[in-house]
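Remarks on the overall topology
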Amino acid sequence: MSPLDPWRTAAFRALDADVATVLGAKAAESFAALRVRTVGDLLRHVPRHYLAGTELTDLATVVEGEHVAVMARVAKTEVFEGRGGFAGGRRAPNSRLEVTLTDGQGRLTATFFGRASIVAWWQRQLAAGVRGIFVGKVGSFRDQPQMTHPAFVMLDEAGGVVGNSEEKERIAELSRSGLVGLYPATAKLKTWTIAECERLALDALPAEDPWPAWVRERAGVIDLADAFRAVHRPDSRAEIDRGRQRLWFDEAFTTQVAMAYRRAENARQSAGPRPRVPGALLDAFDSRLPFALTEGQRDVSEEIFADLARQAPMQRLLQGEVGSGKTLVALRAMLAVVDTRGQAVLLAPTEVLAQQHFQTITGLLGELGQGHVLGAPETATDVVCITGSTPAARKRAALMQIASGEAGIIIGTHALLADNVSFADLGLVVIDEQHRFGVEQRALLTDRAHARPHVLVLTATPIPRSVAMTVFGDLTVSTLAQLPAGRADVTTTVVDATRRSAWVERAWERVAEEVAQGRQAFVVAPHIGGGKEADGLGVVELAARLSEGPLAGVRVGVLHGRLPAEEKATVMGAFAAGEVDVLVATTIIEVGVDVPNATMMIIWDADRFGISQLHQLRGRIGRGGLPGVCLLVSSAEPEAPSWERLAAIAGTRDGFALAELDLAQRREGDVLGASQSGGRSTLRLLRVLEHADVIEAARALAEEAVSRDPDRATPGFADAVTQTNLLAGEEWIDRS
C-alpha cells in the first residue's frame, strides 16, 4: 500500500477510480451535478424506479422540477394554432400540441411547439391509446404538472418500438430489457445516457469480492459484482431486491468496520485513570451549587466518572435537550480531572460560544476558578480562554499558565489547535457541538498530550440512534432528556406574514411590551444582509427598520459573523448584562448563548431554517423562570413543504421527536454534511431510519470481524478503514 494507491483489494481500487477513467473527462464533467466523482459513486447511482414492459408509471409520484422518465398511455391529443416568427420572408405559423398522458388514474400534460407540419407528425406518432416512454423535466402550467418537449419513444403492447424521436435508439435500448430502470437525471444527462455509462462502469468492475466468504454468508448477501449488475441490468424484481440488500449492507458494514477498529484501537490506548478525589475541588464545587442536580445529570455524571477512572480513554457522546444542563455535567467532569492534577480543555466552535462558556464556568466556580490568588481556596484552579481575537499579551500569559499547569481549565476555539499550545498534563478534552469539528481536528488536540486524553463530546442536537451508530459509532452515547426544575414553558406560533400582516405588526408590539416589563428578546434572520444576498430582509436591514419603526426608543443590538471579534464580544456582553433590549442576529446565537432574561424570540423568514436549527434557536429563550414566546414568521406559500416543518416546531418541544422528523425529511447526505459542500458521502443508498436493522446487523458482524482479525490482515477490512478515514478527512463527519 502506498499514498498513491492505498488499496489492498481490486474492488476498492476500482470503485475509488476517477469516473473519467471509464467515461472520459468530458462525460465525467456532466456527472458533477449528481455528486458522482468515482466509479463507485456512478455504480451507486441506481435507478429510482423500474418499469416492466407493460407497466405504467404512477404519475402521482412525479415531482415538479425533477428530470424524469415516465411510461404512460396517451389519453388524448389536441392541437392549438398560433402565430410564429418569420421564415423565408413570410410569417410562419407556430402550432402547439398538447398530449394528455395517463396511468389510468392521474394525468400529466406533455406540450410540443413547432410548425404545423411537424406538429401534425407528432400527433400521428402520439395517437390516443398508444403507450410510450417520455423523458424530460417536469414543470408547471396553471398549477398542473407539465413536460415541455420531452424526448419520447412509442411502444406496442409487446414493448416494440412503433414511433420515435431523434433519441429513438437510446430510449429503445431501455425498453428492450426485461425491466426499464429510470435514473435520477439532469437536463444534460438523460436517463438512457446514464444507463449506457453504467454499462461501461460494470464492464470495468473486477469479479473479486472485498469481503471474506464468512461475512457474505452470515449477512446473507450476493457477491458485489452480481449486486451491481442486479440493480443496473435486472431480469426480475427479486434480483433487484437482492442487489439492493447487498449495497445497503456494504455501506453499513464499511462504516461499522471502521468504527469497530477505532473502538478497539482506543481500548488499547492508555489515558491514565482519573479517579474521583474526595474532599477536593469537585466536592467543594458541588457543596456551593445553589440548586440540586437533576436525576439525569447525576446518572450521566456517574457514567462519566466511571469512564474517567479507567485506564482506557473515555470516548463518550453526551446528547441533551436544549437547556438540559450539559455544560454543568461537563464542568463536573473537568473538575474531577483537575483534582488529579490534570488539565481539561473545552473546545467551542465559535468565539461567541467560547466566551459564553468562559463567563458561565467562571461564574459557576466563583473563587474556585481564581487560581492561587490571595484568599482563594486551596483547591482553586485557574480558568483561561484563548480564541483567535485574544490580545497577544493576554494570550502569552494564558499559554504560560497552560504550559506550567496553573490553568486547570482551558476554554477556546480552533486557536487551541495551534502548534504553540503546550499542555502540562492534558487529561480531558470536551468538544461542544461535535458536528462543527472533524475527527482530524480532534486528533490535532488529543495527539499533543503525553498520553491519550479522555474525550467527552457534547451536542444539543438530539440524534436518532440509527444516526448515532453511523456517524458517532466510535463513541458511547449518554442522553440528557430531563430539564432542570424551574424551566418555563415556551409557546410557539407560526405567523403567516403574507395573509396575516397585522399579526406581524402585533408581534413587534409584543416585543416592545416585553421590553417595557424589563425583559429582553431575540430577533433572528437567515442572513446578514447589507449587500447582494438572498431575498428578504437580513439582519442589517431588519435592525435598521425596527430601530426606526416599531421598536424606536428600544435599545437594539446587532450580532453577526462579519463583525470584528471584539465587537461581537461587546455586543453579546451588553445583551447578557441587560444593556441591550433586543438582539437582532443570525444563527450565530444558535447554541450555547444563555441569557435567562430573554423571554421572546421572533424568527424572520423561518421557512428558510431547518427543523433542528429552529429547535436550537428556540432553546435560547425560556431559560429563566419566566414563560417564553417564539414566533415563526414566514411568507412562504401555504402549500410549501416548509409549513410542515414550522407546524412541527410549533406542535412540540420534544427535540428527539423533531430529530426523527428532520431526518425523515432530509437526505442522509445532508445529515452527514456531504451535500453541504457538494462532496462525497458514504451513504448514497442507505437510509438510516428505514434500514436501522441493516446497520444493527452490520455492527454485530463488524465486532466479530475485529475479534477475528484484530490486526486488519484481511484486505477488505483494511480498505474499509482506509475509505472511511479518507472521507472523514474530506467532509463526511467534518462539517466545520
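Keep in mind that this is a model prediction, so the values were computed, not measured.

**What about unusual backbone geometry?**
Backbone geometry places arginine 35, a non-glycine residue, at a positive phi of 60°. Assignment of secondary structure puts arginine 35 in the loop between helix H3 (25–30) and helix H4 (39–43). In this structure arginine 35 comes out as buried when scored by relative accessible area, which is 13%. Look at arginine 341: it is not a glycine, yet its phi comes out positive at around 70°. Relative to the helices and strands, arginine 341 is located in the loop between helix H13 (326–338) and strand S13 (343–347).

**Quick word on the side chain of aspartate 709**
In this fold, aspartate 709 is placed in the loop between helix H25 (692–708) and helix H26 (715–730). The buried charged residue aspartate 709 lacks any salt bridge partner; its closest oppositely charged side chain belongs to arginine 8, at an N-O distance of 7.1 Å. A polar contact of 3.1 Å, which involves the side chain of aspartate 709, links it to the backbone nitrogen of arginine 712. With sequence-adjacent residues up to four places away left out, aspartate 709 is seen in contact with Tyr261, Thr714 and Phe717.

**A word on the pattern of salt bridges**
Summed over all chains, the structure comprises 27 salt bridges. Here glutamate 367 and arginine 288 are joined by a salt bridge, their closest N and O atoms 2.7 Å apart. Here glutamate 367, found in the loop between helix H14 (351–365) and strand S14 (382–386), pairs with arginine 288, found in helix H11 (residues 281–288); they are 79 residues apart in sequence, far enough to count as distant. On the accessibility criterion, glutamate 367 (32% relative accessible area) is partly exposed. Given the relative accessible area of 42%, arginine 288 is considered partly exposed. With a shortest N-O distance of 3.5 Å, glutamate 514 and arginine 510 are connected by a salt bridge. With glutamate 514 and arginine 510 both in helix H18 (residues 501–516) and 4 residues apart, this pair spans about one turn of that helix. The class for glutamate 514 is buried, based on a relative accessible area of 5%. Residues joined in a network through salt bridges with shared partners are Asp209, Arg216, Asp223, Arg246 and Asp250.

**What to know about the packing of aromatic side chains**
What the rule picks out here adds up to 10 aromatic pairs. Feature note: the residues Trp7, Phe12, Trp211, Phe249, Phe253 and Phe717 constitute an aromatic cluster, connected by ring pairs. Its end group placed over the ring of tryptophan 503, arginine 500 keeps NZ or CZ at 5.6 Å from the ring centre. Over the face of the ring belonging to tryptophan 214 we find arginine 708, whose NZ or CZ atom lies 3.8 Å from the ring centre.

**Re the environment of glutamate 198**
Within the element layout of this structure, glutamate 198 appears in helix H7 (residues 191–203). According to the relative accessible area criterion, glutamate 198 is buried, its value standing at 0%. Separated by 154 residues in the primary sequence, glutamate 198 and arginine 44 have C-alpha atoms spaced 9.5 Å apart. Every residue in contact with glutamate 198, bar those within four places of it in the chain, is listed here: Leu42, Leu43, His45, Tyr183 and His232.

**Topic: the pairing of strand S17 (residues 454–459)**
Within S17, 6 of the 6 residues are buried, leaving the element largely enclosed by the surrounding structure. Side chains His454, Leu456 and Leu458 project from S17 onto one buried face, and the interleaved Val455, Val457 and Thr459 project onto a second face that is buried too. Pairing analysis gives 5 bridges linking strand S12 (residues 315–320) to S17, with the strands arranged parallel. Bridged to leucine 317 within S17 is valine 457. Sheet topology places strand S16 (residues 426–432) next to S17; 5 bridges connect them, and they run parallel.

**Focus: the nonpolar core**
With 39 residues, the main nonpolar core has Leu308, Met334, Ile409, Leu428 and Leu456 as its most contacted residues. When residues of this core are assigned to their parent elements, the largest contribution, 10 residues, is made by H13. Residues contacting methionine 334, with those up to four places away along its chain left out, are Ala344, Leu346, Ile361, Ile409, Leu428 and Val430.

**A closer look at the environment of leucine 701**
In this fold, leucine 701 is placed in helix H25. Separated by 444 residues in sequence, leucine 701 and valine 257 have C-alpha atoms that sit 8.3 Å apart. Setting aside residues no more than four positions away along its own chain, leucine 701 makes contact with Trp214, Val215, Arg218, Ala219, Phe249 and Phe253.

**Digging into the confidence of the model for the protein chain**
In this model, the protein chain carries an average pLDDT of 83, and 82% of its residues clear a pLDDT of 70 or more. Considering each helix and strand of the protein chain separately, the mean pLDDT is smallest for helix H24 (residues 668–672), with a value of 41, and largest for helix H8 (residues 213–219), with 97. Counted against residues more than four places away or in other chains, residues 435–440, with its pLDDT under 50, gives 23 contacts. A low-confidence stretch, residues 730–736 stays under pLDDT 50, and its non-local contacts, those more than four residues away or across chains, total 36 contacts.

**Comments concerning helix H19 (residues 539–548)**
Turning to H19, its buried residues number three or more, namely Val539, Leu542, Ala543 and Leu546. Down the axis of H19, the sector holding all buried residues measures 100°, keeping them to one side. Those residues of H19 that are exposed and aimed more than 90 degrees away from the buried face are Arg545 and Glu548. The secondary structure elements touched by the buried residues of H19 are H18, strand S20 (520–524), strand S21 (556–559) and strand S22 (582–585).

About the thresholds
- Residues numbered from 1 in each chain as written.
- Predicted model: local features only at pLDDT ≥ 70, side-chain atom pairs only at ≥ 80, totals over all residues.
- Heavy atoms only, no water.
- Helix = DSSP H or I, 4+ residues; strand = E, 2+ residues; numbered from the N terminus.
- Buried < 20%, exposed > 50% of the residue type's maximum accessible area, 1.4 Å probe, protein only.
- Lys, Arg positive; Asp, Glu negative; His and termini not counted.
- Salt bridge = Lys/Arg side-chain N within 4 Å of Asp/Glu carboxyl O.
- Polar contact = N/O pair within 3.5 Å; in protein donor to acceptor, adjacent residues only side chain to side chain.
- Contact = heavy atoms within 4.5 Å.
- Phe/Tyr/Trp six-rings, centres within 6.5 Å; stacked < 30°, edge-to-face > 60°.
- Lys NZ or Arg CZ within 6 Å of the ring centre and 35° of its normal.
- Pairing = 2+ DSSP bridges.
- Core = buried A, V, L, I, M, F, W, Y, C linked by side-chain atoms within 4.5 Å.
- pLDDT = per-residue confidence, 0-100.
- Arc of directions from axis to C-beta.

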